[in-house]
Structures are given as C-alpha cells and as structure tokens.
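# A closer look at the structure
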Amino acid sequence: MMNIKLPAGTSAENDQLLLGPGYLTIDTERKALRLHDGVTQGGFEMVGRQAYFLPFIGEVAGSELITPTELYTAVNFTSGSALNTGTTWLRFKDPIDGKTKYIAKRPIRYGVSKPSLLSANLVYGSTIINVKGNNYRVRLIKGSNTDPDGGIRDQSEWNRLMYPISVGGGVAEPWATYSNTDLGISDSGNGVFTHCVEASGTGNLARGLTSIKGANAINNNSNATFGWRPLLELVE
C-alpha cells in the first residue's frame, strides 16, 4: 500500500501559503484539507463531502480577486449607486460547462437598469478584464433555461449554483448553508432584484426577491430595488 503524506501546519501557517493549482495541505488545527489554486493565498478549506468534489469551492475576498469598487473602474460602469462594496465572491466550478465562475455574494450596485448594463456590455460576457494575470468575462447570471424566459428555470445558473448554497434552496445535500441575509436576499430594500441575462415578457428577468427561488419580470427603469450582481467567468 502506498502512503502519501501531505504538507501540514497550523491554520496561521496554511493562511500564508500560495501554492499552485491542485496542491493540497492539511490544517492541523481545524482538521481540514486546504485546496490551492495558484491565486488564493491560504487556499480553500474542504470539509466533509467537500474533500471529494463539490462545484462550490468557497469564498474569495475582493482583495484576492477584485473589489467591487475596482470592478466599477475596470468596466467604467457608474450607473446607479454603490452597494456592498466589501462583499466577497462565491467561487464555483460549474458541473455543466466546467467553467470557473465567481458570483458576487451580494449585489454591488443598486438603481441599475437593464438598458444601462446592455450599453456597458455587461450582460452577455463581451467585456473581458484582466485581473492579476487572468482574463475574466464580466456578465450577468443566467436565471432561466431559455432566453426569453419561458418559466422553466431548473437548469439555469441561478438554480444550479445558488440553490445548493442557500438554506432556502430546498436541496437535499447542500454545498453550503448561507442565509438570505448572507446572500443579500430580501423582500424589500436596495438591489434586491438581481438582474439576469434573459428577457421576460415585455421586461427582463430578475431573481432573488424574497427568497432564493424568487423570479420576477421587471421593467427597464432604474428602480432602487434593481441590483447588479456580476458574474466573472474565467477565460481558460
């Protein structure tokens, strides 16, 4: 039998590591594996079933990727008002297309209309930015199976990536247990509607009002409840 010994150290020692993609280390204090990607200092803690494979890799701080304020500048987007400027990014390896995707944990601007996002080329992924040596497409999340929305959304990015990390997602074996508050989900307030790629009726599809399962058709105005929750897709 082959025995494999992984590098091990305290939580603080692991936090200082910046190792290449695929390297594993052991956090002896938390009794957990850390998976490294060559970008994130300290890697990502993998607990329980995450020690095998889960599409949700973990949270990434803005300082390790790009902060909301830096993103506004990078894409020259000033429509609406800043929101949740300290929020983190949720990192996924999409099981459907295999792509690495970062979704803002909470909306980062409010009072944003769909036409303003279209004008800034921030809907479909045509805008590409370079962040710390990697290229990312900046776009909206897909909230439906089809565009325009036909009411069937079970295979949308929102359903397959956001439901399994939410306590309200109704998933039998969740990847994480974020609350509505954690994810910026509410029945009122700034930016509670998350703009999606798809059109819906005479307006546009938005997700996340009241619960993670919320789906609504909204108009083209810049209402304060309309939020921008960008998705960054790694160009590989």
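The structure this text deals with has already been given above.
Let us look at the structure shown here.

The rules behind the values
Residues numbered from 1 in each chain as written. Predicted model: local features only at pLDDT ≥ 70, side-chain atom pairs only at ≥ 80, totals over all residues. Heavy atoms only, no water. Helix = DSSP H or I, 4+ residues; strand = E, 2+ residues; numbered from the N terminus. Buried < 20%, exposed > 50% of the residue type's maximum accessible area, 1.4 Å probe, protein only. Polar contact = N/O pair within 3.5 Å; in protein donor to acceptor, adjacent residues only side chain to side chain. Contact = heavy atoms within 4.5 Å. Salt bridge = Lys/Arg side-chain N within 4 Å of Asp/Glu carboxyl O. Arc of directions from axis to C-beta. Pairing = 2+ DSSP bridges. Axes fitted to C-alpha atoms, helices over the stretch in contact; angles between N-to-C directions. Phe/Tyr/Trp six-rings, centres within 6.5 Å; stacked < 30°, edge-to-face > 60°.

### A closer look at the environment of Asp97
Structurally, Asp97 is set in the loop between strand 7 (89-93) and strand 8 (100-104). On the accessibility criterion, Asp97 (36% relative accessible area) is partly exposed. For Asp97 and Leu122, which are 25 residues apart along the polypeptide, the C-alpha to C-alpha distance reads 20 Å. At 2.9 Å, the side chain of Asp97 and the backbone nitrogen of Lys99 are in polar contact. A polar side-chain atom of Asp97 sits 2.8 Å from a polar atom in the side chain of Lys101.

### A short note on the side chain of Asn14
Mapped onto the elements of the fold, Asn14 is located in helix 1 (residues 11-15). According to the relative accessible area criterion, Asn14 is buried, its value standing at 2%. Among residues more than four places away in sequence, those in contact with Asn14 are Gly9, Thr25, Ile26, Asp27, Arg34 and Gly42.

### Things to note about the side chain of Thr87
Along the chain, Thr87 turns up in the loop between strand 6 (81-82) and strand 7. Reaching out from Thr87, the side chain makes a polar contact with the backbone nitrogen of Arg106 at a distance of 3.4 Å.

### Quick notes on the pattern of salt bridges
Taken as a whole and judged by the stated rule, the model has 13 salt bridges. The partner of Asp94 in a salt bridge is Lys101, and the shortest N-O contact between them spans 2.8 Å. The class of Asp94 is buried, set by a relative accessible area of 1%. Under the relative-accessibility criterion, Lys101 is labelled buried at 0%. Taken together, the shared-partner salt bridges connect Asp94, Asp97, Lys99, Lys101, Arg139, Glu157, Arg160 and Glu233 into one network.

### Digging into helix 2 (residues 68-75)
Buried within helix 2 we find Pro68, Leu71, Tyr72 and Val75. For helix 2, the arc enclosing every buried residue in end-on projection is 105 degrees, short of the 170-degree limit, so these residues lie on one face.

### Focus: the sheet that holds strand 10 (residues 124-131)
On the basis of which strands lie adjacent, the open sheet formed by six strands has the order 5-7-8-16-11-10 and antiparallel pairing. Only two strands of the sheet have a single partner each, and these edge strands are strand 5 (56-60) and strand 10. In this sheet, adjacent strand axes meet at a mean angle of 25 degrees when their direction is disregarded. As paired strands, strand 7 and strand 8 are joined by five bridges and run antiparallel to one another. Looking at the pairing, Trp89 lines up with Ala104 of strand 8. The strands touched by helix 2 are strand 7, strand 10, strand 11 (134-139) and strand 16 (231-234); relative to strand 10, the strand with the most contacts, the crossing angle is about 115 degrees.

### Here we look at the packing of aromatic side chains
The relative placement of two aromatic rings is captured by the distance of their centres and the angle of their planes. Enumeration according to the criterion identifies five aromatic pairs in this entry. Judged by centre distance (5.3 Å) and plane angle (45 degrees), the rings of Phe56 and Phe92 are tilted. Residue Phe56 is located in strand 5, and its partner Phe92 is located in strand 7; the two are separated by 36 residues in the primary sequence. Take Phe56: its relative accessible area is 5%, and that puts it in the buried class. Connected via pairs of aromatic rings, a cluster forms that spans Phe56, Phe92 and Tyr178.

### A short note on the sheet that holds strand 6
Strand order across the open sheet formed by six strands is 6-9-15-12-13-14, with mixed pairing between neighbours. The open sheet has two edge strands, strand 6 and strand 14 (215-218), and neither has a second partner. Across four bridges, the pairing between strand 12 (residues 193-200) and strand 13 (residues 203-207) is antiparallel. Directly across from His195, in strand 13, lies its bridge partner Ala206.

### Observations regarding unusual backbone geometry
In this structure, Pro148 follows Asp147 across a cis peptide bond, with omega equal to 5 degrees. Secondary-structure assignment places Pro148 in the loop between strand 11 and helix 4 (157-162). The backbone of Asn76 shows a phi angle near 55 degrees, a positive value even though the residue is not glycine. Locating Asn76 in the fold gives a position in the loop between helix 2 and strand 6. Its identity as a non-glycine residue notwithstanding, Asn84 has a phi of 50 degrees, on the positive side. Examined against the element boundaries, Asn84 turns out to sit in the loop between strand 6 and strand 7.

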